[in-house]
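Here's the letter readout for the chains.
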Amino acid sequence: MSKTKSEHTSTLEEVAIVIRPEKDNVAVATADQIERGTNLTYRGEVIALSGRALRGQSFAIAKIRRGQAYVTLGDPIGLASRAVEPGDPIDETNLEDRLPKLAVRYRNNPPATIDPELASLTFDGYVRLDGSAGTRNLVGIVTSGMCSSTEAREIASRAMREIYSREKFPNVDGVVPIVHESGCGMPDGRAVALLNQLLADSLRHPNLGAAVYIDLGCGKTCVECSVPVFQNQVADYNQRVVNMTIQQLGGSSATVKRGLEVVEKLLHDANQFKRRPVPISKLVVGTKCGGSDRWSGVTANPAVGYAADMFVKAGAAVFLPEIPELQGAAMVDLALRARTRVVGRKLTQALKRYEAYVKKFGEDFRDNPSPGNIKGGLYNIYLKSSGVKAKGGTSTVEDLIEYGEWLGDRRGLFLLYTPGYDQISTSALFLSGAQVALFTTGRGTGIGCALGPVMKIGSNPQLAKTYADIDVNAGVILEKKASIEDVGRQIFQETLDVASGRRLTRAEQSGFHHEFKIWESLWPTL
C-alpha cells in the first residue's frame, strides 16, 4: 500500500491530482493515503497537510473563506462551513452541502459539427425490415407481466440448453427472457398506455431478430388488449412476433412445451439475418454509471464523454440519463449547452419535475450519493453530478427524451429522463433505442441487459486488477499511462467492435446477465 509522509518535500502531482487546475481549489489524493504533516509543492508554494487524506478524498490547495465554494471538476460542489487553509482535508466538519446561487443562462446553440472522416465509419449490424440496425440478433421472450414471467424464463433457459447453439444458428446471439413485474393491479389510462409503449419498445428493438409475446390471458396487457397497439407501433409485428396465451394453451407446462416449438422456428427465421456494414449514423449509444467512486468523474466518465463526442461528430446518437444525478452546476452547464432556449428550459424543468416526483413519497432527492459512493470519496450529490455529466461529453444537447420515448432517426446528444437506479436506467437506454451501452464504475458491477450489450469501464487500476467484469480499464489515466483522450478513443473503437460482434462484453460472456427492469413506481399499485 502506498503511504506518503514527507521527511522531505514532494510534488503534489506525485500523490494527488488537481482535475481542472484553471478552476479548482481542491486536490484529490491518488496515493492510498497521505499522512498528516506531509509537505507538497504546488505552483511554487509548499502545502502542508493538516490531516490524513485517503485515496479519493480531497484537500484544499488554496485559502477558502467561510461561505466560499469548494470547486473540483471545474464546478462548485459545496460551501466551506468555516475558513479552510491549504492542506486541510475536506470532510463533514468543514463542508456544507449547499451551493452558491447559480444563474441559469438559456441560449441557442449550433448543432454539432459532423466530422467527415468519423462519419464515413461503419459497423457490422443486422439490418431490419424497418431500416434500423441491430448490434445483436437475439430471440426475445417478452412477458406481458409478472403472471407470465416464470414461463418466459423457463422457455428462454431451456431453449439455450436444448435447442440453441452457435454452430446450429451462426447468425443468432441467443434466446433471452425480457420480463417485468407489472401488467396487472394497475390503473387504466396513462399507466397502461406507458406500459404498452415500453412493451412495444422491447418488441420493436433492432437487437431482436424475432420475439415471443407471452401472456397469462387476463391482465391489462393481454394479447387481445395490447397486440392491436403493438401492431400500430411495430411495423413488421406480424412477421417478427408470435403471441402466446397461457390460459388458452392449458397451463404452464403446455405453454413451455409450445414455447420451445415456437422458439425453434423463430431461431431459424432470425438466422436468416446476417451482419453487413452499416453507417455509424445508425448507432445509438447509451451511457450510464453505477457503483461510482471519486475516480469515476476523473477518469472513466470523461473518457466516455470523449468517446460520446466522437460518436456525435460521426452523426450517431448518444443518451445521457440519470436526471436526479444532474443537479447543481451540472444541470446549469447542460442547459447552457442546449440546442435552443426552449430545450434548455425543458432540461431544468425535468430536474424540478423529478424533485416533485420524489417529494410525493415524502423524500428529498438530494439524499444521494449512496454509502458506497461516499466511502469512495463522493461527498454529496453536487460532486457526483459533475462526474455524471462528464459522460455526455461537451456536445450540444439536442433535446430531452422522455422515459420510454423512442428516439427514431434523431441524432446528436440527448438527455434521457430516467432515475439514477442502475437496473431501471440501463434498461431505459435500450427502451428508447440504444443498441449498446457504456457503463462506468469505480466499485464494480456485473450488470448487463436482456436487450443488448453493456460495456463496463472501470475508473481505477485496483478495480481492473481485482474485478473480472471490467471491459475497459480507464484507471491507466490515474497511472499516467494514457490520457483521457487516449482512453476515449479506445472506448470509441471497442464500442464499434462490440457493436459489430467482433467481441462480446464480459456481461455477455457470463451467459446470465439478462437484467431488465421497468419503472413501475411511476404508477400506483392497485
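These numbers come from a predicted model, not from an experiment.

Enquirer: Would you take a moment to explain the pairing of strand 20 (residues 284-289) for this structure?
Expert: Note on strand geometry: in a regular strand, side chains alternate between the two faces of the sheet. Counting buried positions over the six residues of strand 20 gives six, a clear majority of the element. Residues of strand 20 alternate between two faces, with Val284, Gly286 and Lys288 on one and Val285, Thr287 and Cys289 on the opposite face, all of them buried. Taken together, the three bridges between strand 20 and strand 21 (residues 317-320) define a ladder with parallel strand orientation. Within strand 21, the position partnered with glycine 286 by the bridge is phenylalanine 319. Following the chain from strand 20 across helix 9 (residues 296-313) to the adjacent parallel strand 21, one finds a crossover that is right-handed. In the sheet, strand 20 pairs with strand 24 (residues 436-441) via five bridges, with the strands oriented parallel. Bridge assignment links threonine 287 to a residue of strand 24, and that residue is leucine 438.

Enquirer: Could you clarify how one ought to interpret helix 16 (residues 484-499) in this entry?
Expert: In a regular helix each residue adds 1.5 Å, so 16 residues correspond to 22 Å; helix 16 covers 22 Å between its end C-alpha atoms and thus fits that length. Listed as buried for helix 16 are Val487, Gly488, Ile491, Phe492, Glu494, Thr495, Leu496, Asp497, Val498 and Ala499. Residues of helix 16 that are buried make contact with helix 2 (116-119), strand 13 (122-127), helix 9, strand 24, strand 25 (454-458) and strand 26 (472-473). Glycine 501 lies just past helix 16 and shows a positive phi near 80°.

Enquirer: Could you clarify how one ought to interpret the pairing of strand 21 in this entry?
Expert: Of the two faces of strand 21, the one holding Ala317 and Phe319 and the one holding Val318 and Leu320 are both buried throughout. When strand 21 meets strand 23 (residues 412-416), the two strands line up parallel, connected through four bridges. Looking at the pairing, alanine 317 lines up with glycine 412 of strand 23.

Enquirer: Would you explain the pattern of salt bridges in this entry?
Expert: Proximity of charged atoms lets side chains of opposite charge pair with each other. Here the structure, examined in full by the defined rule, presents 34 salt bridges. Ionic pairing is found between lysine 265 and aspartate 269, a salt bridge with its closest N-O pair at 2.9 Å. Here aspartate 269 and lysine 265 lie together in helix 8 (residues 252-270), a separation of four residues that amounts to about one turn. Looking at lysine 265, the relative accessible area reads 52%, which means it is exposed. For aspartate 269, a relative accessible area of 32% puts it in the partly exposed group. For aspartate 422, the salt bridge goes to lysine 288, with nearest N and O atoms at 2.8 Å. Highlighted residues: aspartate 422 in helix 14 (residues 422-431) and lysine 288 in strand 20, separated in sequence by 134 residues. Judged by relative accessible area, lysine 288 falls into the buried class, the value being 0%. Connected through shared salt-bridge partners, Asp75, Asp333, Arg337 and Lys389 make up one network.

Enquirer: Help me understand the nonpolar core in this model?
Expert: General note: in soluble globular proteins, nonpolar side chains tend to be found buried as a group. Counting residues in hydrophobic clusters, the biggest one holds 101 residues, and the most contacted among them are Tyr213 and Leu415. Membership of the second largest hydrophobic core comes to 24 residues, among which are Ala156, Ile163, Ile214 and Leu266.

Enquirer: How should the sheet that holds strand 14 (residues 133-134) be read in this particular structure?
Expert: Each strand in a sheet pairs with its neighbour through backbone hydrogen bonds, running either in the same direction (parallel) or in the opposite one (antiparallel). Strand order in the open sheet formed by three strands is 14-13-19, with antiparallel pairing between adjacent strands. With partners counted over all chains shown, the strands left at the sheet margins are strand 14 and strand 19 (276-279), one partner each. Note that strand 13 and strand 14 share two bridges and pair antiparallel. The residue of strand 14 that forms the bridge with valine 127 is alanine 133.

Enquirer: For this particular structure, what's the right way to read the environment of leucine 79?
Expert: Position of leucine 79 relative to the elements: it lies in strand 11 (residues 75-80). By relative accessible area, which is 4% here, leucine 79 ends up buried. Each C-alpha atom, one on leucine 79 and one on arginine 65, is 9.2 Å from the other, the two residues being 14 residues apart in sequence. In this view, leucine 79 contacts Gly67, Gln68, Ala69, Tyr70, Asn94, Leu95, Glu96, Arg98, Leu99 and Pro100; residues no more than four positions away in its chain are not counted.

Enquirer: Any chance you could explain the state of the cysteines here in plain terms?
Expert: This structure, assessed with the given rule, holds one disulfide. Disulfide pairing places cysteine 222 opposite cysteine 225 at an S-S distance of 2.4 Å. A torsion of 70° about the S-S bond marks the disulfide between cysteine 222 and cysteine 225 as right-handed. Of all cysteine sulfurs, the one in cysteine 289 lies closest to cysteine 449, which takes part in no disulfide; the gap is 16 Å.

Enquirer: Would you explain the packing of helix 10 (residues 329-336) against helix 11 (residues 341-359) in this entry?
Expert: The relative placement of two packed helices is expressed as an angle between their axes plus a distance between the axes. Where helix 10 meets helix 11, the closest approach of the two axes is 8 Å, and the angle between their N-to-C directions is 155°. Classified by the angle their axes make, helix 10 and helix 11 are roughly antiparallel. By crossing handedness, the relation of helix 10 to helix 11 is classed as right-handed. Here Met331, Leu334 and Ala335 of helix 10 lie close against helix 11, whose contacting residues are Gly344, Leu347, Thr348 and Leu351. A class-by-class count of the residues in the contact of helix 10 with helix 11 yields five nonpolar, two polar and no charged.

Enquirer: Sorry, what's going on with the environment of tyrosine 417 here?
Expert: Mapped onto the fold, tyrosine 417 is located in the loop between strand 23 and helix 14. Residues tyrosine 417 and glutamate 322, spaced 95 residues apart in sequence, show a C-alpha to C-alpha distance of 6.7 Å. A distance of 3.4 Å separates a polar atom in the side chain of tyrosine 417 from the backbone nitrogen of tyrosine 354.

Enquirer: When you look at the packing of aromatic side chains in this model, what are you seeing that I'm missing?
Expert: The geometry of an aromatic ring pair is captured by the separation of the ring centres together with the interplanar angle, meaning the angle of the planes. Taken as a whole, this structure holds 11 aromatic pairs when the rule is applied. Look at tyrosine 213 and phenylalanine 230: their rings are 5.1 Å apart centre to centre, the planes differ by 85°, and that puts the pair in the edge-to-face class. Of this pair, tyrosine 213 sits in strand 17 (residues 208-215) while phenylalanine 230 sits in helix 5 (residues 223-233), placing them 17 residues apart in sequence. An identical accessibility class is assigned to tyrosine 213 and phenylalanine 230; each is buried. Taking 5.4 Å as the distance between ring centres and 85° as the angle between the ring planes, the aromatic pair formed by tyrosine 403 and tryptophan 519 counts as edge-to-face. With tyrosine 403 in the loop between strand 22 (397-401) and strand 23 and tryptophan 519 in the segment after helix 17 (506-510), the pair connects residues that are 116 residues apart, well separated along the chain. Across the pair, exposure class does not vary: tyrosine 403 and tryptophan 519 are buried alike. By way of ring pairs, the aromatic residues Tyr354, Tyr357, Phe361, Tyr403, Tyr417 and Trp519 are connected into one cluster. In this structure, arginine 128 packs its charged tip against the face of phenylalanine 273, placed 4.5 Å from the ring centre.

About the cut-offs
- The written sequence of each chain sets the order in which its residues are numbered from 1.
- Local features in this predicted model are restricted to residues whose pLDDT is 70 or higher, and side-chain atom pairs enter the listing and the counts only when it is 80 or higher, whereas totals over whole chains, interfaces and linings include all residues.
- Only hydrogens and water are set aside; all other atoms, that is, all heavy atoms of the structure, feed into the side-chain values.
- Relative accessible area decides the class of each residue, using a 1.4 Å probe on protein chains only: under 20% of the type maximum gives buried, over 50% gives exposed, and in between gives partly exposed.
- Per the convention used, a helix needs a DSSP run of H or I reaching at least four residues, while a strand needs a run of E reaching at least two, with both numbered from the N terminus.
- Two strands qualify as a pair provided DSSP detects at least 2 bridges between them.
- Handedness rule for crossovers: strands pointing away from the viewer, path from the first strand over the helix to the second running clockwise, crossover right-handed.
- Given the number of residues in a helix, its expected span is that number minus one, multiplied by 1.5 Å.
- Contact definition: two residues touch when any of their heavy atoms are within 4.5 Å.
- Salt bridge, as used here, is a side-chain nitrogen of Lys or Arg placed within 4 Å of a carboxyl oxygen of Asp or Glu.
- In this text, buried Ala, Val, Leu, Ile, Met, Phe, Trp, Tyr and Cys residues form a nonpolar core when linked through side-chain atoms within 4.5 Å.
- Here, the term disulfide refers to a pair of cysteine sulfur atoms separated by no more than 2.5 Å.
- The axes are straight lines fitted to the C-alpha atoms, using for helices just the contacting stretch, and the angles between their N-to-C directions are given from 0 to 180°.
- Here roughly perpendicular refers to angles of 65 to 115 degrees, roughly parallel to angles under 35, roughly antiparallel to angles over 145, and oblique to all remaining angles.
- Crossings are classed by handedness, with left-handed meaning an anticlockwise turn of the near helix from the far one by less than a right angle and right-handed meaning a clockwise turn.
- Amino acids are sorted into nonpolar (Ala, Val, Leu, Ile, Met, Phe, Trp, Tyr, Cys and Pro), charged (Asp, Glu, Lys and Arg) and polar (every other residue, Gly among them).
- Two N or O atoms form a polar contact when they lie within 3.5 Å of each other; inside protein one atom must be a possible hydrogen donor and the other a possible acceptor, and for residues adjacent in sequence the pair counts only when both atoms belong to side chains.
- Only Phe, Tyr and Trp rings take part, Trp by its six-membered ring, and two of them pair if their centres are within 6.5 Å. Stacked means planes under 30 degrees apart, edge-to-face means over 60, and tilted covers everything else.
- Lysine and arginine charges are scored as sitting over a ring when NZ or CZ, respectively, is within 6 Å of the ring centre and within 35 degrees of the ring normal.

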